[in-house]
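# Survey of secondary and tertiary structure
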Amino acid sequence: MKHAAVYLVAAVLIAAIWALDAWVIPYSDFYITNIVIKIGYNLLAVMGLALVLGFTGQFSLGHAGFMAVGAYAAGALALHTGLPPMLTTAIGGLAAALAGLVVGLPSLRLTGDYLAVVTLGFNGIIIVIIQNTPFLGGAQGLIGLPLATTFATTWTWVVIGGLFIRNVLNSPTGRVLRAVRDNEIATRSLGINTTHAKVVAFVIGAFWAGVAGALIGFLNSSLFPAQFQYDRSIELVAMVVLGGTGSLSGPLIAGAALTALPELLRPIAEYRMVLYSVLLIVMMLVRPTGLLGSRELSDLVPWRRWFGRAV
Amino acid sequence: MDAPSDSRLLDLQRVGIRFGGLRAVSDLEIKLVPGCLHGLIGPNGAGKTTVFNLITGIYRPTEGDIHFDGTSLVGEAPDRIAKRGIGRTFQNIRLFAGMSVIENVKVAMYRHAAGSLWESVLRMPRYWRDEATIHREATQLLDTFGLLSVADLGAEQLPYGARRRLEIARALATRPKLLLLDEPAAGMNPSEAHDLMNLVRWVRDSFGVSILLIEHHMPVVMGICERITVLDQGASIAEGSPREIQNDPLVIEAYLGADVEARG
Ligand SMILES: Nc1ncnc2c1ncn2[C@@H]1O[C@H](COP(=O)(O)OP(=O)(O)O)[C@@H](O)[C@H]1O
Ligand SMILES: [Mg+2]
């Protein structure tokens, strides 16, 4: 019975989300609702990167590239085939996961800086491909997508994604990922194929980035390549690093804060990249391990008994 | 005297490696029989750690062949070699610093889990069974190594001697046939080193594992090893029982000479 508790929590959360969607969202400020949805899809992207960067220690600078793959796969499919957007959102995630496999397999054999360069390059290449593919709308953008991203759909994905990542982290595979981050040579000495482990993390991270991207298209009814430039990748890295590498809830908190701040304080928005730099420098000075370090919110508050670790 | 070749667990056949101009190991022959406790000694820089790195696939020999359980290891990746049943520790301890003591051991049991990642994600019954088994076995192992009371501490919080023990426990958790220990008593005081050597012998006896042990303090290995290979400047200068080694003039010259120099 104890084992079912987390599903119960997830079910209650999803029910609450749909209740809010039905009874509160219609009467709430459109602008605020929009911010809450943005927070939702950013959290999906952040949790994927937290797995790759925070827990596995792989410095990916191309997470927005996977968002683009998911967004355009889901968007184009919905537009050209009429498949329901929520189905193509999942397919977009799978397309991004496939891209993660293709990028990850060769580059994850190598270490550190090389991966950062390859993923950054991948991000750039994806943008160029989209800009030059008429089927995907080119530089003018893909427009006329169905409006299907709502508060409820976004946050249902967030709950499912959060549960998915949490369960990966608290599993034999999750332990292996942290071991790879801490000492790859020692991990290999235990008979574990570390390249395989890194690719698994990368593919999962890419999947949730793809879902996040797909939600963006169906929120705005349009997609533009410029939305997925490398600055978005850097933004996501900032969220993970500020939240704490080796924590899931830390990056989620940082992700929510860094999404909401520029929206609520419009003048800041233009200086977003400056804000991130300053925050990163301040954090390095006062709290080098990030907001939560490698702890979870549940370690700090006594709900741990009910929620388990890594809520 | 020589064991027949099919009963050899590990067989280094004229193994050598060159780093640029330096021949770190040359023409080395080591034969291990199942159940052995074999010492590999020699002064600093003799090439002992390099031998471990050759066996475990971190380096590829430029000469010779290494057979384990009858087939060659040369060219196989380190994780494949470990999977075949060779566990090791490192001279410069390599624990998973961001993980707890018990998690360090649990990682090593990864391959004992029967369930897939999907079963973990969906929290299927097999996930819970795997986790329960892994937890029970890891707890037992930590208890054996006197680490149960610190199971939930971060690995980096352990004192030095306990870290060395944890690294041995972690290697054993993979259920190896052969265990390579690289200076497990380094940095310990004589009484700690003595206790550790008793532990090593006990591990060999109760886990049914064969052990190849590097040590550069001679007295430490003399007491527990049945056979010893002495390495100097990458070459084996003597092999035999502790008594034979102790009385070998070449060993006394190369080895004790270096010790006298170090002292004086
Ligand atoms: N990767 C390497 N590249 C170059 N030289 C190396 C490498 N690994 C070991 N050596 C050299 O090989 C020799 C033996 O080193 P090592 O095996 O660590 O000695 P020991 O463990 O017996 O103290 C040393 O001279 C060392 O500098
Ligand atoms: Mg050494």
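Sequence positions are assigned chain by chain, starting from 1 and proceeding in written order. All chains are assigned letters beginning at A, and all ligands numbers beginning at 1, according to the order in which they are written. Confidence filtering applies because this is a predicted model: local features only for residues at pLDDT of at least 70, side-chain atom pairs given and counted only at 80 or more, and all residues used for totals across whole chains, interfaces and linings. Excluding hydrogens and water, the side-chain figures rest on all heavy atoms present in the structure.

Before going further, it helps to examine the environment of T245 of chain A. All names here are of chain A. Here T245 is to be found in the loop between α10 (230-243) and α11 (249-264). Relative accessibility under 20% of the residue-type maximum defines a buried residue, over 50% an exposed one, and the middle range a partly exposed one, all with a 1.4 Å probe and only protein chains included. You can call T245 partly exposed: its relative accessible area is 36%. Considering only alpha carbons, one finds T245 and F55, 190 residues apart in sequence, at a separation of 6.6 Å. Contact between two residues is taken to exist if any of their heavy atoms lie within 4.5 Å; hydrogens are not considered. If sequence neighbours within four positions are ignored, T245 has contacts with G54, V240, T289, G293 and S294. Put simply, DSSP H or I for four residues or longer makes a helix, DSSP E for two residues or longer makes a strand, and each gets a number counted from the N terminus.

So, on to α11 of chain A. Residue and element names in this part refer to chain A. In a regular helix each residue adds 1.5 Å, so 16 residues correspond to 22 Å; α11 covers 22 Å between its end C-alpha atoms and thus fits that length. Taken residue by residue, α11 has S249, G250, P251, A254, G255, L258, T259, A260, P262 and E263 as its buried positions. Of the surrounding secondary structure, the elements contacted by the buried residues of α11 are α2 (30-55), α10, α12 (266-269), α13 (272-286) and α14 (297-300). Each residue after the first adds 1.5 Å to the expected span of a helix.

So, about the coordination of the magnesium ion (ligand 2). Residues and elements named next belong to chain B. Because no water is among the atoms considered, metal sites can look incomplete, with donors defined as N, O and S atoms within 2.8 Å of the metal, or 3.2 Å for Na, K and Ca. At the metal site, the magnesium ion (ligand 2) is ligated by T49 (OG1) and Q91 (OE1), and these contacts range over 2.0 to 2.1 Å. Placement of the pair is T49 in helix α1 (residues 48-55) and Q91 in the loop between β6 (86-88) and α3 (101-108), with a sequence separation of 42 residues. On the basis of relative accessible area, T49 is assigned to the partly exposed category, the value being 24%. A relative accessible area of 30% places Q91 in the partly exposed class.

On to the pairing of strand β9 (residues 227-232) of chain B, then. Residue and element names in this part refer to chain B. With five of six residues buried, β9 is to be regarded as a mostly interior element. Note on pairing: two strands pair once DSSP finds at least 2 bridges between them. Here strand β3 (residues 37-41) pairs with β9 via four bridges, running parallel. Note on β9: the bridge partner recorded for I41 is V230. Judged from the five bridges that link them, β9 and strand β10 (residues 235-240) form a sheet pairing that is antiparallel. The residue of β10 that forms the bridge with D232 is A235.

Bringing unusual backbone geometry into the picture now. The phi dihedral of S221 of chain A falls on the positive side, at around 65 degrees, and the residue is not glycine. Tracing the chain through its elements places S221 of chain A in the loop between α9 (194-220) and β2 (222-223). The phi angle at E183 of chain B is positive, at roughly 45 degrees, despite the residue not being glycine. Considering the arrangement of structural elements, one finds E183 of chain B in the loop between β7 (178-182) and α7 (190-207).

Let us now look at the sheet that holds strand β1 (residues 10-19) of chain B. Residues and elements named next belong to chain B. Here we have four strands laid out as an open sheet, ordered β2-β1-β4-β5, and antiparallel in their pairing. What marks the edges here is a single partner per strand, and that holds for β2 (22-32) and β5 (71-72). Each axis is a line fitted through C-alpha atoms, and for a helix only the stretch in contact is used; angles between axes span 0 to 180 degrees, taken between their N-to-C directions. Contacting β1, β2 and β4 (63-68), α1 runs over the sheet at an angle of about 115 degrees to β1.

Right, let's talk about the site of ligand 1 for a bit. Residue and element names in this part refer to chain B. One heavy atom suffices: a residue is near a molecule or strand as soon as one of its heavy atoms comes within 4 Å of it. What surrounds ligand 1 is the set F19, L22, A24, P43, N44, G45, A46, G47, K48, T49, T50 and Y59. One of the backbone N or O atoms of A46 is found 3.2 Å from an oxygen atom in ligand 1. Within the side chain of T50, an N or O atom sits 2.5 Å from an oxygen atom of ligand 1. Calculation on ligand 1 without its partners gives an accessible area of 560 Å², and the protein chains cover 63% of this total. Counting only elements with at least two residues in the shell around ligand 1, the list comes to β2 and α1. If you tally residues by element for the shell around ligand 1, the top one is α1, at three residues. Three residue categories are used. Nonpolar comprises Ala, Val, Leu, Ile, Met, Phe, Trp, Tyr, Cys and Pro, charged comprises Asp, Glu, Lys and Arg, and polar comprises the others, including Gly. Residues that form the shell around ligand 1 fall into these classes: six nonpolar, five polar and one charged. Nitrogen and oxygen atoms within 3.5 Å of one another constitute a polar contact, given that in protein one can donate a hydrogen and the other can accept it, and given that sequence-neighbouring residues count only through two side-chain atoms. Here the accessible surface of atoms and residues is derived via Shrake-Rupley with a 1.4 Å probe, and residues count as covered only by protein chains that are part of the display.

Turning next to the interface of chain A and chain B. The partner chain B presents 34 residues to the 28 residues of chain A that form the contact. For the pair chain A and chain B, the summed buried area comes to about 2,800 Å², and 63% of that belongs to carbon and sulfur atoms. Interface area lost by chain A to chain B is led by R175, R188 and L190 of chain A, which between them contribute 25%. When a carboxyl oxygen of Asp or Glu is within 4 Å of a side-chain nitrogen of Lys or Arg, the pair counts as a salt bridge. Counting across the chain A and chain B interface gives three salt bridges. In this structure, the salt-bridge partner of D79 of chain B is R188 of chain A, at a minimum N-O distance of 2.9 Å. Counting across the chain A and chain B interface gives 13 residue pairs in polar contact (both at pLDDT 80 or more). When residues of the side of chain A that touches chain B are assigned to their parent elements, the largest contribution, eight residues, is made by helix α7 (residues 172-182) of chain A. Classifying every residue of the side of chain A that touches chain B gives 12 nonpolar, 10 polar and six charged. A quick way to say it: buried area is the sum, across both parts, of accessible area lost when two parts are put together, with a 1.4 Å probe.

This brings us to the domain arrangement of chain B. All names here are of chain B. Structurally, chain B comprises domain 1 (1-85 + 176-264) and domain 2 (97-173). A domain assignment, automatic or from a database, supplies the domain bounds used here. The centre of domain 1, based on its C-alpha atoms, is set 28 Å off from the matching centre of domain 2. Taken together, the 17 residues of domain 1 in the interface contact 11 residues of domain 2. At the junction of domain 1 with domain 2, the criterion picks out zero salt bridges. Between the two partners, domain 1 and domain 2, sit zero residue pairs in polar contact (both at pLDDT 80 or more). With five residues, the top contributor of residues to the side of domain 1 that touches domain 2 is α7. Residues that form the side of domain 1 that touches domain 2 fall into these classes: 13 nonpolar, one polar and three charged.

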